[in-house]
Each structure stands twice: as structure tokens, then as C-alpha cells.
Amino acid sequence: MSKMEVKTSLLDNMIGVGDMVLLEPLSEETLIDNLRKRFSHNEIYTYIGSVVISMNPYRSLPIYTADKVEEYRNRNFYELSPHIYALSDEAYRSLRDQDKDQCILITGESGTGKTEASKLVMSYVAAVCGKGQEVNKVKEQLLQSNPVLEAFGNAKTVRNDNSSRFGKYMDIEFDFKGDPLGGVISNYLLEKSRVVKQPRGERNFHIFYQLLSGASEGMLKKLKLDQDFSKYNYLSLDSATVNGLDDAANFRTLRNAMQIVGFLEEEVHSVLELVAAVLKLGNIEFKPESRVNGFEESRIKDKNDLKEMCELLGIEQLVLERAFSFRTVEAKMEKVSTTLNVAQAYYARDALAKNLYSRMFSWLVNRINESIKAKTTARKKVMGVLDIYGFEIFEDNSFEQFIINYCNEKLQQIFIELTLCEEQEEYIREGIEWTNIAYFNNAIICDLIENNQNGILAMLDEECLRPGTVTDETFLDKLNIVCAEHQHFESRLSKNSKFLTDHSLPHNCFRIQHYAGKVLYRVEGFVDKNNDLLYRDLSQAMYKANHRLMKLLFPEGNPAKVNLKRPPTAGFQFKASVGTLMRNLQTKNPNYIRCIKPNDKKAARVFSESLVSHQVRYLGLMENVRVRRAGYAFRQAYEPCLERYKMLCKPTWPHWKDLARKGVEVLFKDLNIPEEEFSYGRSKIFIRNPRTLFFLEERRRQCLEDLATLIQKIYRGWKCRTHFLLLKKSQVVVAAWYRRYAQQQKYKKIKNSTIVVQSFIRGWKARKILRELKYQKRCKQAASTIAAYWHGMLVRREYRKFFRANAGKKIYDFTIQKIIQKYFCDLKNTIPSMSPIDKSWPARPFQFLEGTHQHLRRIFHLWRGKQYRSHFTEEKKAIYEEKLEASKIFKDKKALYPGSVGQPFKGDYLEIDKNPKYQKLNIVLDEKLLLADVVNKVNRANGKGASRIFLLTKKNFVLADQKSGQVKASIPLPDLSSVSVSTHNDGFFALKLKQASASAAKGDFLLSSDRLIEIITKLHRTGAASGDREPITIDISDEFIVQFKQDKVCVKFIQGGSKNGNSVTCKRKNNRLLEVSVPSP
Ligand SMILES: Nc1ncnc2c1ncn2[C@@H]1O[C@H](COP(=O)(O)OP(=O)(O)OP(=O)(O)O)[C@@H](O)[C@H]1O
Ligand SMILES: [Mg+2]
């Protein structure tokens, strides 16, 4: 089962009764008994309807854990056992959900736990409201403003170790969804007299002790302070250390809190400098010094503290020193300077210290406000938490207590007004049947204090402003006259003689019967404190200080802005600000926490019945319960009531057209609510029992759940539908686009195909047309040709008679001329090469050119031959002559000849002069060498050959050994008679010598050489060249006789007989026959 579904009630496991409305029987005893019973079971909270009664447990209880916060979160007020969290939750939800600004009014006397309660409310709201980085920062700053203000504004008193010495009202601002945006703190009159003097058993403000015990040595040195409390006049020693208060740790907490709130390091330091300066100021002491005129003037005893203080605040020492000795009074352009006596100097010193401290405190509040103020101008919802100094009765009560108690009186007044008075008045106004319940209304006491004509504050102001000597006594005298008749005012000397003998009432005092008890006020100091005067010399000295805060704290010290008007008195200011506060609270929905302390000893588990019953009485708790029991737990105007619950019945839902009251009647009837449970007022419905309200709320919650389901259903349906419609719309768009795209593609395809088909058809058509056109053109050409011929024929026929005689010849000549021209032009291109042996000649084109053609051929050949000859050299000529000679000798006679035609006759094949081997031969040859070659000398014995060098000059031929170059024979050419060769294709030749010559003895030579043609031709030419000899005869036959030394041998050539195939062989057949076989051609 989920947490939300757990059905619990205030009535579950109840100790005593959780709500005193349920107390039976109702009497003061049972009420106190109930409180005691609950207190002893650690149930410190009890309800009276929606008012929370809180008992101070004086010890920490495990009821403020995160689990508890969760437990009370979003639960109905009466659902769980009473707790301050239930009230906080109710207030927060009402603010968040119903848009109602709230205020939490925490009342009770000093030490009852108001400040603690206010912190619990704030921490609960901080825990349940929105989260997030920015929101958390705001929360943290709001929460951390408490330690800062407590350090500077709280002190130990006899009633409370952490007593608030100032009033605090904090507006926490929220946005529309209930997230905190920031806050504004208002402070009310700090009890500044504590700075200079503390009653017995009490301490100065915490900060002084925290600074001295918590600051590091370095910091103390900077601030020129000493850790020892006893060194400072302003710090009372009797309770400098308080049990359970760790000043050093609290100092660290303070520093941390200041940092979180957003104080800069310099700002913190400046503030601490001021605190140090106040301590130093307290140590300045004065001594009297007589002057010549008999008056006494004050002098500072020891200037060291003054010097250090001036250094801390950046004040010129002399200026301050003078301000403590003289006082300048300005009146209508006149300045009068009077000396101060010692008492006045002390007064001035203390006034300065008090002002310095209280102004610094106000600056701190403003500075915190600057940090925590909401950063938006959007509309804000506000929850105000009021934690004011509690009602207090000391041994010695002064102006401060008077002010504090007045404030509490006003709060009680507002409580009475809103809960008791207003409630009863409302019943009457609304016409509800009602029997009045008597209760004490403290309006009369408020009037005694604040009445503008004869109220105590007005009297005090009057005294302060009155010319002439004004003292506290004259003020008391005035009160004695004006307030003497008042029931709640008592004084010894008042006309009301009943107090004349009351010794508990001293002469310089007056007593007021406050709602919470009688308080005796000593008038001493009332006038001064109300005047709150600070000598102008001092404020000007402070303004001149070279310190970042001093100009802000003492603006009236600015010489440029001298204001002769009196500043408003402290009492007046306080009354005005309390008035504003009350008006402010009245615009908000109030939530009450009424704090009670169980004992005076700050002790846990001690329940002092007398003390509690006193508080119960003055707080009017009994009346509260009675009114509550007789009355109605809840009321609401018809319109908002109908608006809130109209969904619970069909006729009123969703719209009710008639009057709201009728609607509510229908609604309640429909819901079967018993008639005794509610009443119809004129403009409101009154519900007697919270039960009924819870019933309505529960029904509404269920109904809202159903409605939420319905809304969700409709919303989901709507969302799905819109989503579907969107999808559909999108689908249509997508489909349209796709179709368009597909059609575009298809169209493109068709278009392309069409273009192709078109182009084919066009091509085909064009070709057809072209064909026709070509045909037509050809027809036209043919026609025109035929026409031309026809015309020509006609014309010729027509003109033949005129042409026949001359035209034929002319045309003939012209034609012939053209043909010849063409013939020559063609001949130019087809003319044969320049080679004389080139026999080619172009074909004859026309029959009639035959003669010319052959003629031209001959001319061309002759010209070619001439050209050829003209390019002949002498050497070439000789070679050709030799060749011609060879042709004459051998052509058609020897088969070897045709092979030699292509070989050039080189003559010297051995290059004898270059070859060193043939050096000897060179010497033999004294003439030009015509031929040098290697030949074969045929051995007559076996027909085999031996290589010989054959040399030929103009005069002789020489045979020499091929290897050694040894000359074998040198025969003069005249000795040579003839040369014999065969007709065949062989190289054999025989050189025959003349019988009678000198060389004949050697015999003829039978030689063979491949170059036979060249050798023989050269031999023949050499012989023919010399005119003195017969030319050498050359015999060409296949059989010839060779005369070797002794015998003659016949050399016979036969064809094809050889076995050696292709080579020529020579064989000796017998003594007389050498057979040479030559291969067949
Ligand atoms: N709910 C609580 N649980 C535990 N201790 C508490 C609680 N409420 C108060 N106290 C104790 O009582 C002391 C006094 O409480 P607190 O300072 O809130 O009183 P006060 O009503 O603000 O007094 P004053 O009017 O002097 O400022 C606290 O310091 C704390 O020790
Ligand atoms: Mg307090």
C-alpha cells in the first residue's frame, strides 16, 4: 500500500488529546493536565483547532528528521499527530495551491522557543518546496541569514541563553509554482542598551564573545584585540561563557553563513572592525580636569584604546578626542561649544557605542536583504514569519522591555482580533446563532500605550520634545496625571491612592498590567533612550572616518546636510513600524504558533504547573478552546466553496448558473451532510467539524483524480488524434510528393521514348525526303543534261551551216593542242629514272603520237647518257676501259666472264707497301704496282696447287712465296708470249714464255685464280700499252700445251667429270696430260 493511501488520524495513538477542542470536560485543570501528560510523553505540540501550542522541551527531540518531513508532506492538518510541520505544510500548500499569502505568527514569552519554531518552519518549507540549483541557492541563503542575525542580534539573558534582542519579520517570496524566489527581512528595534551594559547574569551580544574566542590570532592582531574577555569594560564577566554554547564553533558557523549569504571578505572584515571598535570604545575612560572658570572638563585617561579604535575606523584621533570633550550646539545660525563633564563624556561614549552597533546591525539586515531579494519582478506569493522578542519581565525593566512588551501586547491583540473577536463578530455578522463567550481583550492595554493623545508613548514624546528641563521624573509625573485613572496603569504617586502604600512599587517606577502579567518599569533612561541622541560632533567625527561603512552608518554626520530638525523618537518609530507590521499581517492568512515554556530553569522534563497555568491564562487558551468548541471549525464564502467542491455533485458540475449559496445548498444536500454539521451564514458556509471538511476534501481529491483521469483520457485521445491527423496529413503530403516524383520520372521516360521515336520517324522521313530530293535533283540534272545536249544538238543543228567550214579545224586544233598538253604534262610525271640502263618508257597514249613518243624516248636516252658521262672521273674511266677490254677479250668466249662483270678491278688486293711481311718485295718493285694478288701455282707433277703472290708492274710480273715473300720468279713482260685459258668457268691460266727469252729456262707457269679475268685483262693491257712490244696473245681453248722446264704437258679441260661436285679439280693423268674437270654450269 502506498504512503498516500495510509489512513491515519490525529486520533490514532493519541496521548491525552491532540486537539484540545476534544477535551472533556473542559476546565483549566484538564487543559493543563493534558499539556503535562503530552509533555511528559515528549508530545510538545498540541492543537486548539488550527492553532499550534508548542512547549519548549529544552532538549533536542528526534522529531525533526527528514523522514518526519516526508511524513507530514502533503497530508491534511488533522491527519497526523500535532506537529509544527503540519502547520507549515498547511500554510505552504494553501499558499501554493490557493494563492493565499500566509503569515506565521509565533508568540510566547522569552525563552519559549519562538526563534526555534521559526527556524523549523523555514527549514520545513525549504525541504518541501521546489528543487534545482538556483532554488537551492536561494533556500540556503534564506536559511543562513539566521545564524548571522542571531550572532549580532541575540544574547544570553536570564530567561534564554539565545534570546532574540530584536524583532524579526521575514517575508519569504515564492513564484506561482511554489519555488522560493527570495525574501525580505524587517527588523524591529534592537535592544542596543545591552551593548554598553548588561543586567546581572546576562551577556552582551554573542558576536563579541564569538569574535574573541573564535578568531585566529592573526585576525585578532589585525583587529587589535585580545582574547581575554576581562580586558573589555563592555563585556560583563559573570556569564561570559554559557553552558552548551560553543562561541568559537559558532564564530566559524557565522563566517560560513556570511559567505553563503553573499558577504564579501572585505565586508566581513569591515563589520568585525566595527565590533572591535565598539569593544575599544568601551575601554576609553575619562578623568575630570578642573578649568579656570571652575567647571570640570573631561579628559581621556589612557589614549591607547582611543588610538587603536581610531586606527580601526580610520578616524583622526584628535577629532574624536575633541568630540569627547566638547559639544557643539547649533541653533539658528549660531554655534555654541560647551565642554563635557566626565558623566557627559561617558554618556557620549556609550551613545556612540550603542549607535555604532545598532546601525551596523541595521546595515547587516539591509545587506542580507540585498543578497536574498528576489531577482524577478513577477508576481510573488508571500509567506511571512514573525519572530519577535518575547514578552519579558526582568528584575529591572526599562524602556527596552516596555517596547518589547508593547510589541507582544500588539501581537496578542491581533490574535484576539483574528481568532476570538473576529470569529464571534463574524458569527453575528453572518447571522449564525451564537452565544457570546467572554474573554479578555487587551485592546485597552494597547490603547494605554499607543493612544495618540494620552498614551504612554505619546506622553514620552511630548516630554522629549518639550522645551525646558525634561527628566525621567517629569515624564513620570506626567504619566501620573494622565494615566492615573487607567485600570492597567499603576504608580505610587498616581491619584489612584490605593498604591500609596504599595511598597513593591518604588517611587521612580510605574507598573503596567500587561495581558501576560504585571511589569514594573523603572523610568530612568526613558527620555534619553526615546530621544536616542548622539552628539552631532560625534556623528560628524564618524562621518569623516576613512572606513567603508562609516559614511553609510552616520549619514547625518555629513556637514553638507546638517539637519536641525529633531529625528523621530525611538518610541515613535517603533510604534509606526509595529503599526505597519500589524496592517501587513492582517492582509495575510494567519497561522498561529503559541509557545509556552514548561519551567523557568531552562530544564528538560520539568513541568512547572504554576508557570504553565499563568501562560495558559494570559494567552487566553481556555477562551480560545471555548470559542472553537462553540463555533465552527471552518468557514468559507459561498463562491470559493462552490468553486472548490462543485465537482462533487452533478447539478453543480461543471457550471452552476444560479446563486452560489443555492449551489452550496444543493451540493451539501446531494452529499448527505447532516444538518447539524454546518450552518448557512449570509455570505459564508460554516462547517462545524473538521471531519466534514476532510470528508469534502477527500471526496474532492477522489473526484480530482477521476477528473484528472478524464482530462488525461481526453488529452491522450486528443493527442493521439492530432498525432494521427498529423501523420495522415504528412502521409498525404509524402504520397503527393512521391506520386509527383513517380509521375515526373514516368513522364521523363515517356518523353525520352517519344523523342527517340520522333527522332527515328523524323530521320526516316528526312531520309525519305532526302532520297526523293536527291532523285529529283538527279532527274533535274539528267533533264538539264539531256536538255543541254538537246539544246546543243539543236543549236549545232541550227548553227551547223555557219560553223562547218572553220569550226571543225579550230575545234580539232584546240583538241589536239589540249591532248598534246596533257601528254606532256602526264609525261612529266611518268618519265623513267636517270639510269642509262633503265629501259622502261611510258606507254603511248594516242596512236597518232607514236613517232613523237619514240623520238622523245631516244632523245631522253641520249640526254641521259650524256648526263651520265659528264659525271665520269678519269679513274672510273680507266676502270671502265679495263672492263671494256675484258669484255672484248672474254665476252662470249669464257664462261667465267659474266661473273666478273659486276666485280670492280681493284688491282692491289694485298696492300704490300703496308704489310711489313712483304718488305722484301717492295725493294724488288721499283715501279708502280698494277696488280697484287694471291694465285695458285699448279704443280705439274700432281696437279695440286701452291699459293704464290702474283705481282704485276708495267715491265714485269713477279711470283713470290706467300709466306716468306721470297721472290720465286720475276719475268719481264716482253718475255711473255701468250696466255692460255679455257672456255669454262675456271681460273686456270697458263703464262707462256718466249722460247728464246732469258726467262724461258724456267718454263711456263700454270696458275689459277678466281680473278683470272682481271689478271689477264691487266696483262693484256700492259702489253698493248707499250708500243715497243707485240701485244700478248690470248688463246681461249679447252686444250693447250704448257712447256714446263723439260717436258710439254697438255692441259685438258673437261666438263662435269669430277667427283668433287662443284669444285674445279686438276689431276695428272700421265706424263703428258693434266686433266682439269670443271663443274657443269
Ligand atoms: N523545539 C525545540 N527543541 C529543542 N529545544 C528547543 C526547542 N525550542 C526551544 N528550544 C530551546 O529553548 C531555547 C530558547 O528558544 P528560543 O531562542 O527559540 O526562544 P525565544 O522564544 O525565541 O526567546 P526570545 O524571545 O528570548 O528570543 C533554545 O535555545 C533551545 O535550547
Ligand atoms: Mg527568539
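Structure first, text after, so check above.
So, here is what we can say about the structure in this document. Since this is a predicted model, take the numbers as computed values, not measurements. (Residues numbered from 1 in each chain as written. Chains lettered and ligands numbered in written order. Predicted model: local features only at pLDDT ≥ 70, side-chain atom pairs only at ≥ 80, totals over all residues. Heavy atoms only, no water.)

Glancing now at the site of ligand 1. Taken together, 19 residues surround ligand 1, and among them Asn56, Ser110, Thr115, Ser163 and Ser164 come closest. At 3.0 Å, a side-chain N or O of tyrosine 64 approaches a nitrogen atom of ligand 1. Between asparagine 160 and ligand 1, the recorded distance is 2.8 Å, taken from a side-chain N or O atom to an oxygen atom. Within the complex, the protein chains bury 86% of what would otherwise be the 620 Å² of accessible surface of ligand 1. Contributions of two or more residues to the shell around ligand 1 are made by helix 4 (114-128) and strand 5 (163-164). Here the shell around ligand 1 takes three residues from helix 4, the largest share from any one element. Partitioned by chemical class, the residues of the shell around ligand 1 number four nonpolar, eleven polar and four charged. (Near = heavy atom within 4 Å. Polar contact = N/O pair within 3.5 Å; in protein donor to acceptor, adjacent residues only side chain to side chain. Areas by Shrake-Rupley, 256 points an atom, 1.4 Å probe, with all protein chains shown as cover. Helix = DSSP H or I, 4+ residues; strand = E, 2+ residues; numbered from the N terminus. Nonpolar A, V, L, I, M, F, W, Y, C, P; charged D, E, K, R; others polar.)

Looking now at the sheet that holds strand 28 (residues 1039-1043). Ordered by their spatial adjacency, four strands build an open sheet running 28-29-31-30, and the pairing between neighbours is mixed. Here the strands that pair on one side only, and so sit at the sheet edges, are strand 28 and strand 30 (1065-1070). Across this sheet, the average inter-strand angle for adjacent strands is 25 degrees, counted without regard to direction. Taken together, the five bridges between strand 30 and strand 31 (residues 1073-1078) define a ladder with antiparallel strand orientation. The residue bridging threonine 1065 from the neighbouring strand is serine 1077, located in strand 31. (Pairing = 2+ DSSP bridges. Axes fitted to C-alpha atoms, helices over the stretch in contact; angles between N-to-C directions.)

Below, the discussion takes up the sheet that holds strand 13 (residues 489-491). Read across the sheet, three strands follow the order 13-14-15 without closing on themselves; strand pairing throughout is antiparallel. Of all the strands in the sheet, the pair left with one neighbour each is strand 13 and strand 15 (517-522). Pairs of neighbouring strands in the sheet enclose a mean axial angle of 25 degrees, with direction left out of account. Sheet topology note: the strand 14 (residues 509-514)/strand 15 ladder contains six bridges and is antiparallel.

A word on the packing of helix 14 (residues 399-429) against helix 15 (residues 443-450). Viewed as axis vectors pointing N to C, helix 14 and helix 15 meet at an angle of 140 degrees, and their least axial separation amounts to 9 Å. One element, helix 14, and the other, helix 15, form an angle in the oblique class. Relative to helix 15, the crossing made by helix 14 is left-handed. Contact residues: Phe402, Tyr406, Glu409, Lys410 and Gln413 in helix 14; Ala443, Ile445, Cys446, Ile449 and Glu450 in helix 15. Tallied by class, the residues present in the contact of helix 14 with helix 15 amount to six nonpolar, one polar and three charged. (Parallel < 35°, antiparallel > 145°, perpendicular 65-115°, else oblique. Left-handed = near helix turned anticlockwise from the far one by under 90°. Contact = heavy atoms within 4.5 Å.)

Turning our eyes to something else, we now look at a nonpolar patch on the surface. A grouping of Val756, Val757, Phe760, Ile761 and Trp764 is seen on the molecular surface, where their side chains present a nonpolar patch of about 510 Å² in accessible area. For isoleucine 761, the position within the fold is in helix 26 (residues 690-830). (Patch = residues over 30% accessible without salt bridge, like charges linked within 9 Å, V, L, I, M, F, W, Y side chains within 5 Å. Salt bridge = Lys/Arg side-chain N within 4 Å of Asp/Glu carboxyl O.)

So, about the coordination of the magnesium ion (ligand 2). Coordination of the magnesium ion (ligand 2) by the protein involves Thr115 (OG1) and Ser164 (OG), with metal-donor separations of 1.9 to 2.1 Å. Taken together, the residues threonine 115 in helix 4 and serine 164 in strand 5 connect sequence positions 49 residues apart. On the basis of relative accessible area, threonine 115 is assigned to the buried category, the value being 12%. (Donors = N, O, S within 2.8 Å, 3.2 Å for Na, K, Ca; no water. Buried < 20%, exposed > 50% of the residue type's maximum accessible area, 1.4 Å probe, protein only.)

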